[in-house]
Amino acid sequence: MENRNYDIPENANEHCPGPQSEEAGKADSCAGCPNQQICATAPKGPDPDLVTIAERMATIKHKILILSGKGGVGKSTFSAQLSFALAELENQVGLLDIDICGPSIPKMMGLEGHDIHQSNLGWSPVYVESNLGIMSIGFMLPHPDEAVIWRGPRKNGLIKQFVKDVNWGELDYLVVDAPPGTSDEHISIVQFLQATGIDGAIIVTTPQQVSLIDVRKEISFCKKVGIRVIGVVENMSGLRQPISDMRFLKSNETGDEDDVTEWALSYIRSNAPELLSVISCSEVFDATGGGAAKMCMEMGVPFLGKVPMDPQLCRAAEEGRSCFTDQKCTVSAPALKKIIQNLVSSFE
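Residues numbered from 1 in each chain as written. Predicted model: local features only at pLDDT ≥ 70, side-chain atom pairs only at ≥ 80, totals over all residues. Heavy atoms only, no water.

Under an unreviewed UniProt entry, the protein has the name Cytosolic Fe-S cluster assembly factor NBP35 and belongs to Zingiber officinale. On record in UniProt, under Function (unreviewed entry), the comment for the protein is "Component of the cytosolic iron-sulfur (Fe-S) protein assembly (CIA) machinery. Required for maturation of extramitochondrial Fe-S proteins. Functions as Fe-S scaffold, mediating the de novo assembly of an Fe-S cluster and its transfer to target apoproteins. Essential for embryo development." You can read under Subunit (unreviewed entry) in the UniProt record for the protein the words "Homodimer and homotetramer. Predominantly homodimeric." (UniProt positions renumbered as here; feature names shortened; annotations may be inferred.)

Trainee: Sorry if this is basic, but what is going on with the pattern of salt bridges here?
Mentor: When their charged atoms lie close together, side chains carrying opposite charge are able to pair. Within this structure, the stated rule accounts for 14 salt bridges. Put simply, Lys 160 and Asp 49 hold a salt bridge, and the shortest N to O gap is 3.5 Å. Placement of Lys 160 in helix α5 (residues 152-164) and of Asp 49 in helix α2 (residues 49-57) is noted, with a sequence separation of 111 residues between them. Note on accessibility: Lys 160 and Asp 49 belong to one class, buried. Notably, a salt bridge pairs Lys 155 with Glu 185, separated by 3.3 Å at the nearest N-O pair. Of the two residues, Lys 155 sits in helix α5 while Glu 185 sits in helix α6 (residues 184-193), which places them 30 residues apart along the sequence. In this structure, Lys 155 and Glu 185 share a single accessibility class: buried. Each of Lys 70, Asp 214 and Lys 217 takes part in salt bridges that share partners, so that together they form one network. (Salt bridge = Lys/Arg side-chain N within 4 Å of Asp/Glu carboxyl O. Helix = DSSP H or I, 4+ residues; strand = E, 2+ residues; numbered from the N terminus. Buried < 20%, exposed > 50% of the residue type's maximum accessible area, 1.4 Å probe, protein only.)

Trainee: Mind showing me how you'd approach the confidence of the model for the protein here?
Mentor: When pLDDT is low, close inspection of the predicted coordinates is not appropriate. The share of residues in the protein with pLDDT of 70 or more is 95%, and the mean pLDDT across the chain is 90. Every residue in residues 1-6 is under pLDDT 50, and counting partners more than four places away or in other chains gives 20 contacts. (pLDDT = per-residue confidence, 0-100. Contact = heavy atoms within 4.5 Å.)

Trainee: I keep staring at the packing of helix α7 (residues 209-225) against helix α9 (residues 291-299) and nothing clicks. Help me out?
Mentor: The description of two packed helices rests on the angle between their axes and on the distance between the axes. Relative orientation of the contacting elements α7 and α9 amounts to 35°, with a least axis distance of 11 Å. By crossing handedness, the relation of α7 to α9 is classed as right-handed. The segment α7 lies against α9, with Leu 212, Val 215, Arg 216, Ile 219 and Lys 223 engaging Gly 291, Ala 292, Met 295, Glu 298 and Met 299. Each residue belonging to the contact of α7 with α9 can be placed in one class, and the counts come to 6 nonpolar, 1 polar and 3 charged. (Axes fitted to C-alpha atoms, helices over the stretch in contact; angles between N-to-C directions. Left-handed = near helix turned anticlockwise from the far one by under 90°. Nonpolar A, V, L, I, M, F, W, Y, C, P; charged D, E, K, R; others polar.)

Trainee: How do you make sense of the pairing of strand β8 (residues 200-205) when you look at a structure like this?
Mentor: Looking along a regular strand, one sees the side chains alternate between the two faces of the sheet. Buried residues dominate β8, accounting for 6 of its 6 residues. Where burial is concerned, the two faces of β8 agree: the one with Gly 200, Ile 202 and Val 204 and the one with Ala 201, Ile 203 and Thr 205 are both buried. Sheet analysis places strand β1 (residues 60-68) next to β8, joined by 5 bridges and oriented parallel. Bridge pairing in β8 links Ile 64 to Gly 200. Examined bridge by bridge, β8 and strand β9 (residues 229-242) share 5 bridges and lie parallel to one another. Pairing of Ile 203 across the sheet is with Val 232, part of β9. (Pairing = 2+ DSSP bridges.)

Trainee: Quick question: what am I supposed to make of the nonpolar core here?
Mentor: Within soluble globular proteins, side chains that are nonpolar generally end up buried alongside one another. One finds Phe 78, Leu 96, Met 109, Phe 162, Trp 168 and Ile 189 to be the most contacted residues of the largest nonpolar core, which totals 83 residues. Leaving out residues up to four positions away in the same chain, Phe 162 has contacts with Leu 96, Asp 97, Ile 98, Ile 100, Trp 123, Met 135, Ser 136, Ile 137, Met 140 and Trp 168. (Core = buried A, V, L, I, M, F, W, Y, C linked by side-chain atoms within 4.5 Å.)

Trainee: Hey, could you run me through the side chain of Asp 199 in this one?
Mentor: Looking at where Asp 199 falls in the secondary structure, it is placed in the loop between α6 and β8. One buried charge, Asp 199, has no salt-bridge partner; the nearest side chain with opposite charge is Arg 228, at 5.3 Å. Among the polar contacts made by the side chain of Asp 199, one reaches the main-chain amide nitrogen of Lys 63 at a distance of 2.8 Å. (Lys, Arg positive; Asp, Glu negative; His and termini not counted. Polar contact = N/O pair within 3.5 Å; in protein donor to acceptor, adjacent residues only side chain to side chain.)

Trainee: Looking at this structure, I do not really get empty space enclosed by the protein. What am I missing?
Mentor: Take a probe with the size of a water molecule and roll it over the atoms, and the empty space left behind shows itself. All told, the structure shown has 3 cavities of 30 Å³ or more when counted by the stated rule. In this structure, the largest cavity spans a volume of roughly 90 Å³. Forming the boundary of the largest cavity are 14 residues, of which Cys 16, Pro 17, Cys 30, Cys 33 and Cys 39 lie nearest the centre. (1 Å grid on protein atoms, 1.4 Å probe; cavity = no way out; pocket = protein on both sides within 12 Å on 5 of 7 lines; lining within 4 Å. Points joined across faces, edges and corners; volume = space filled by probe spheres on them.)

Trainee: Would you explain the UniProt feature "binding site: [4Fe-4S] cluster" (unreviewed entry) in the protein in this entry?
Mentor: In the numbering adopted here, UniProt assigns the feature "binding site: [4Fe-4S] cluster" (unreviewed entry) to Cys 16, Cys 30, Cys 33 and Cys 39. The greatest C-alpha distance among the residues just named is 10.5 Å, despite their covering 24 residues of sequence, which places them together in space. Within the annotated group, the residues that form the lining of the largest cavity are Cys 16, Cys 30, Cys 33 and Cys 39. Tracing the backbone through its elements, the reader meets Cys 33 in the segment before α1 (36-41). If sequence neighbours within four positions are ignored, Cys 33 has contacts with Asn 11, Ala 12 and Asn 13. Looking at the element boundaries, Cys 39 is found in helix α1.

Now the structure itself:
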């Protein structure tokens, strides 16, 4: 699908402030840009598209950004399951994927291979259910392995299209899944939505310090741009799974491993059947520094709760389904449900 150019030329330097900015043609990022002189002398003024965006967003009650300091912490999994849960509570929900270079939401929502359709009202989201619509660049790629190699200005133009041209209709919640970090995409979505009212951001992390260091930067970003931090979710907070779901291995004389799962489970069933209902726990990441809860106390932001690492939740994400519709995600679904119920209550 064609990407229109808005304001920022495609041949602009990365981190271009935009022709309408007071810094246009003067910022450090403008050095060497072929448009530098034109931008420096061009008349300045508000972006006229912001009015159209405000009109489009006026039918959406709540807008929530899902952020993370690092990649690989389960941010998109949380965004997907949050959207499933909100829809199952009979809300009208939209999930907007602005991770332009790594769109994983179509896969996690079971929508790979779908295309976006256009009408006289704008782009139509791809629907999982009648009350759950999805928008992502993943629907525009000719092949799922296609790489998106775009500079900031082109990314910004597409994000503007997502909020200006998508016909979301009336929504109770718009969940925005952003890429890791604090880059062009984050600045753009805040710029385009701030005037329409953003409820705030949920930040997803894992317990170890290497992730929390970057979460602190994410919180600082939110404070600088005036976005409320709704709270922090500690994902992958230890591995939890029923013993009945575990595999058992035994080293043999050659140094290889034999799968003895059937023998082990049969032995447990015969000699200690009560163990089959026991949940095994293992701390995968080092949380001796206090994890996200301690960091939230230090930074003065709410801590929303912990979600354990659950192989069944990983399978649900791979299969593009909700973890709440069956009894397989026995350790992660209750933790997610508690966080989401508290979140919904805070909006009532």
